[in-house]
Amino acid sequence: MPSRAIWQSVRNLLDSTNNLEQLWEEFDRIECDDDDLRIDFDSESIDKNTWVTLAREAYYAVRTRPSRNMRHTGWITLAIQLASEEDETSRWSHHKQSKVLVGYSVYPEPGGAWQFDSTSPDANGYCDECITDKYRWHHEDKSWFYAVPLDMLDSRDAVLNYIVGPTHALIRDEDAETVLGPIRDNLCLPPQTSQV
């Protein structure tokens, strides 16, 4: 490989890493401390020093006020899936896109958060034990996730519009059609089958 090609490859990797780090910092905008909802970063959740991975996750503890006191009711996972496993037979239109996976799990215990890698969702858009609706993958227990193409998150406003606002609204049980409908054309929609 010629030295110029190596230089360009490394330069592209460094530029991509810098851009991903800026987006990673913006993820903390998901945090909030409202009367009915509190979301805090879990500092033990990730290795901040590596991008040589296909998926990198950050976890946020969710506390809601179902009654008088706040209690830990689940986890938000924000994951950057840089690539999924290769599958030349895939018909899912988002197969070869880097994406941000935005998940909410209703399990408050440690380890209860969504765990994403290069196979969840896989190259066909499938995720084990998930069913889909028009916008999201979900479990029967009301845990869910949706996906945003990485290139849509090119500004602070985009992070607010595609991640922060919708996630806060969905956790507060607002209707998915009302929340995700207006941004539908800019999401990586799941395959439309009843059982995925």
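Look up a bit, the structure's there.
Predicted model, so just to flag it, every value in this text is computed and none were measured.

A word on the overall build of the chain
Here is step 1: Helix and strand counts for the chain come out as three helices and eight strands.
Here is step 2: Its helices and strands taken in sequence order, the chain reads α-β-β-β-β-β-β-β-β-α-α from the N to the C terminus.
Here is step 3: The C-alpha atoms of the chain give a radius of gyration of 17 Å, which matches the 16 Å a tight globule of 196 residues would have.
Here is step 4: Taken over the C-alpha atoms alone, the chain extends approximately 65 × 35 × 30 Å along its principal axes.
Here is step 5: Per-residue burial for the chain yields a buried fraction of 45% across its 196 residues.
Here is step 6: Long-range pairs, those at least 24 residues apart, make up 64% of the contacts in the chain between residues at least 6 apart in sequence.
Here is step 7: When the accessible area of the chain is evaluated, it comes to approximately 10,800 Å², of which 46% is carbon and sulfur surface.

Considerations on the layout of surface pockets
Here is step 1: Approximately 410 Å³ is the volume found for the largest pocket.
Here is step 2: Together, 18 residues line the largest pocket, and Tyr104, Lys142, Trp144, Leu170 and Asp173 are the ones closest to its centre.
Here is step 3: Going through the elements one at a time, β4 (71-81) and α2 (156-171) are the ones with two or more residues in the lining of the largest pocket.
Here is step 4: A per-class count over the lining of the largest pocket returns seven nonpolar, five polar and six charged.
Here is step 5: Here the second largest pocket is characterised by a volume of approximately 340 Å³.
Here is step 6: It is helix α1 (residues 3-26) that contributes the most residues to the lining of the second largest pocket, six residues altogether.
Here is step 7: Looking at the lining of the second largest pocket residue by residue, the class counts come to six nonpolar, five polar and four charged.

Looking at the environment of Tyr59
Here is step 1: By the element assignment, Tyr59 lies in strand β3 (residues 55-64).
Here is step 2: Linking Tyr59 and Ile39, residues 20 residues apart in sequence, is a C-alpha distance of 9.9 Å.
Here is step 3: Polar contacts involving the side chain of Tyr59 include one to the side chain of Glu57, which spans 2.3 Å.

Criteria and cut-off values
- Just so you know, the residues in each chain are numbered from 1, in the order the chain's sequence is written.
- Totals for whole chains, interfaces and linings use every residue, but because this is a predicted model, local features are given only for residues with pLDDT of at least 70 and side-chain atom pairs only at 80 or more, for both listing and counting.
- Side-chain metrics rest on all non-hydrogen atoms present in the structure, leaving aside hydrogens and water.
- Segments assigned H or I by DSSP are reported as helices when at least four residues long, segments assigned E as strands when at least two residues long, and all are numbered from the N terminus.
- Two things to know: the radius of gyration comes from C-alpha atoms, and the globule rule equals 2.2 Å times the number of residues to the power 0.38.
- Exposed residues in this analysis have more than 50% of their type's maximum accessible area, buried residues have under 20%, and partly exposed residues fall in between, with area computed by a 1.4 Å probe over protein chains only.
- A contact between two residues is defined here by any heavy atoms of the two lying within 4.5 Å.
- Under the convention used here, a 1.4 Å probe and the Shrake-Rupley method define accessible areas, while residue burial counts only the protein chains that appear.
- Only protein atoms enter the calculation, which uses a 1 Å grid: trapped sets of points that fit a 1.4 Å probe without letting it out are cavities, open sets showing protein on both sides within 12 Å along at least five of seven lines are pockets, and any residue with an atom within 4 Å of a point is a lining residue.
- Grid points are joined across faces, edges and corners, and a volume is the space filled by probe spheres set on the points.
- Each residue is assigned to one class: nonpolar for Ala, Val, Leu, Ile, Met, Phe, Trp, Tyr, Cys and Pro, charged for Asp, Glu, Lys and Arg, and polar for all the others, Gly among them.
- Between N or O atoms, a polar contact is any pair within 3.5 Å; within protein, one atom must be a potential hydrogen donor and the other a potential acceptor, and residues adjacent in sequence are included only when both atoms are from side chains.

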